[in-house]
Amino acid sequence: MQGPHSKIDLHCHSRASDGQLTPAEVVARAAANGVRVLALTDHDTLAGVAEAAAEADRRGMHLVPAVECSCAWQGRELHIVGLGVNPAAAGLQAQLWQARDARWRRMRRIADKLEARRINEVFDKVCAAVGDGMPTRAHVARVLHAAGHVQSVQQAFDRYLGRGKPAWTRVEWPTMEDCVAAIRDAGGQAVLAHPLAYGMTGAWLRRTLAAFRDAGGEAVEVVCGSSDKQAVLTATGQALRAGLKGSVGSDFHSPENPWIELGRLRSLPPAVPPVWQDWPLPLE
Ligand code: MN
Ligand code: MN
Ligand code: MN
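Residues numbered from 1 in each chain as written. Chains lettered and ligands numbered in written order. Predicted model: local features only at pLDDT ≥ 70, side-chain atom pairs only at ≥ 80, totals over all residues. Heavy atoms only, no water.

## Regarding the sheet that holds strand β2 (residues 37–40)
Logical step 1: Reading across the sheet, the seven strands line up as β1-β2-β3-β4-β5-β6-β7 and stay open at both edges, with mixed pairing between neighbours. Only two strands of the sheet have a single neighbouring strand rather than two, namely β1 (8–9) and β7 (245–249).
Logical step 2: Pairing between strand β5 (residues 189–192) and strand β6 (residues 219–224): two bridges, direction parallel. By the bridge assignment for β6, V191 is matched with A219. (Pairing = 2+ DSSP bridges. Helix = DSSP H or I, 4+ residues; strand = E, 2+ residues; numbered from the N terminus.)

As structure tokens, then:
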């Protein structure tokens, strides 16, 4: 693999949500890239964790049971990664069912809006593709692409699914405070994902991170798969100011996107305490 790389990658997706590989394939790809500690963080579901853990076991890797929760704070949607959660924890499961429910209701509304524009059968096709997984807008985008309504998955977001577009639908997510509490009650650490991806000003991000920390948040993703040097510096300053630890995660979804790859990550600056500092890890 070219470019910077890391033995630790704490953010990625499988087919259990909107990724394109099975959980076992994600683990195998991470192993091939030299990752030793991997967190599978599917959107609002832990359904892929057992398969990933079994594959990691076979390969002598460390799999961190984890999830990426969508939530709301001050009218904005935030993503919080829960690392090291107990998949059987009842409170977290209830929280995830609530999000699942919200996602299916959104899917119904999106399909209705598309039907009003004479794009039919979206709901049925998404159901078939999702199975017992988690329905995401990426599923709709792939359906629209496969049916020839758009020329690429990205175009589906630009034309129909993105904020302000004809099929854009707001979701009533659980609150940030409830999400953090559910992650902590499940024995996990809450990490604010991709802090620079929300389009916030620096001041808004400071406010967000302070509220996240006050709610019991532990760390922020200082290094993402898309981070350049400047992004790492900016996120480092924000983490230190908020008194949060740092995490690193590629947010890998699919081999089709060559820019985001498992383990292709800059290193966490030494000034930031790593979220894994107290974990019993097989590194070195
Ligand atoms: Mn995703
Ligand atoms: Mn995210
Ligand atoms: Mn993600």
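## A look at the coordination of the manganese ion (ligand 2)
Logical step 1: The coordination sphere of the manganese ion (ligand 2) contains the protein donors E68 (OE), H79 (ND1) and H194 (NE2), at a distance range of 2.1 to 2.2 Å.
Logical step 2: The distance between the manganese ion (ligand 2) and the manganese ion (ligand 1) is 5.7 Å. With a gap of eleven residues between them, E68 in strand β3 (residues 62–73) and H79 in strand β4 (residues 76–83) connect regions that are remote in the sequence.
Logical step 3: Looking at E68, the relative accessible area reads 1%, which means it is buried. (Donors = N, O, S within 2.8 Å, 3.2 Å for Na, K, Ca; no water. Buried < 20%, exposed > 50% of the residue type's maximum accessible area, 1.4 Å probe, protein only.)

## Thoughts on the coordination of the manganese ion (ligand 3)
Logical step 1: Protein coordination at the manganese ion (ligand 3): the donors are H11 (NE2), H13 (NE2), E68 (OE) and D251 (OD), at 2.1 to 2.2 Å from the metal.
Logical step 2: Here the donor residues of the manganese ion (ligand 3) share one chain and are spaced in sequence as H-x1-H-x54-E-x182-D.

## Quick look at the nonpolar core
For soluble globular proteins, nonpolar side chains are generally found buried alongside one another.
Logical step 1: The biggest cluster of nonpolar side chains holds 66 residues, and the ones touching the most others in it are L10, L38, I80, L83, L92, M176 and V222.
Logical step 2: Examining the composition of this core, we find that seven residues originate from one element, β3, more than from any other.
Logical step 3: For L38, the contacting residues outside a window of four places in its chain are D9, C12, V26, V27, A30, M61, H62, L63, V64 and L262.
Logical step 4: With 19 residues, the next largest nonpolar core counts M107, L114, L144 and A156 among its residues. (Core = buried A, V, L, I, M, F, W, Y, C linked by side-chain atoms within 4.5 Å. Contact = heavy atoms within 4.5 Å.)

## Overview of the domain arrangement of the protein
Logical step 1: The domain boundaries assigned to the protein delineate domain 1 (8–96 + 175–249) and domain 2 (101–161).
Logical step 2: For domain 1 and domain 2, the distance between their C-alpha centres works out to 25 Å.
Logical step 3: Every contact between the two is made by nine residues of domain 1 and, on the other side, seven residues of domain 2.
Logical step 4: Here domain 1 and domain 2 share an interface that buries about 600 Å² over both sides, 44% of which is from carbon and sulfur atoms.
Logical step 5: Where domain 1 packs against domain 2, one counts one salt bridge.
Logical step 6: D44 serves as the salt-bridge partner of R103, at 2.9 Å between the closest nitrogen and oxygen.
Logical step 7: Viewed at the interface, domain 2 and domain 1 are joined by four residue pairs in polar contact (both at pLDDT 80 or more). (Domains from an automatic or database assignment. Buried area = accessible area lost by both parts, 1.4 Å probe. Salt bridge = Lys/Arg side-chain N within 4 Å of Asp/Glu carboxyl O. Polar contact = N/O pair within 3.5 Å; in protein donor to acceptor, adjacent residues only side chain to side chain.)

## A closer look at helix α7 (residues 176–185)
Logical step 1: Burial in α7 covers these residues: M176, C179, V180, A182 and I183. The buried side chains of α7 occupy one side of the element, clustering within an arc of 160 degrees when seen end-on.
Logical step 2: Elements that come into contact with the buried residues of α7 comprise β3, β4, α3 (90–116), β5 and α8 (202–214). (Arc of directions from axis to C-beta.)

## A short note on the packing of aromatic side chains
Logical step 1: Applying the stated rule across the entire model yields two aromatic pairs.
Logical step 2: Measuring from ring centre to ring centre gives 6.0 Å for W73 and W204, while their planes differ by 80 degrees; the resulting arrangement is edge-to-face. Taken as a pair, W73 in strand β3 and W204 in helix α8 lie far apart in primary sequence, 131 residues in all.
Logical step 3: We classify W204 as partly exposed; its relative accessible area is 23%.
Logical step 4: We note R76 situated over the ring of W204; from NZ or CZ to the ring centre the distance is 4.0 Å. (Phe/Tyr/Trp six-rings, centres within 6.5 Å; stacked < 30°, edge-to-face > 60°. Lys NZ or Arg CZ within 6 Å of the ring centre and 35° of its normal.)

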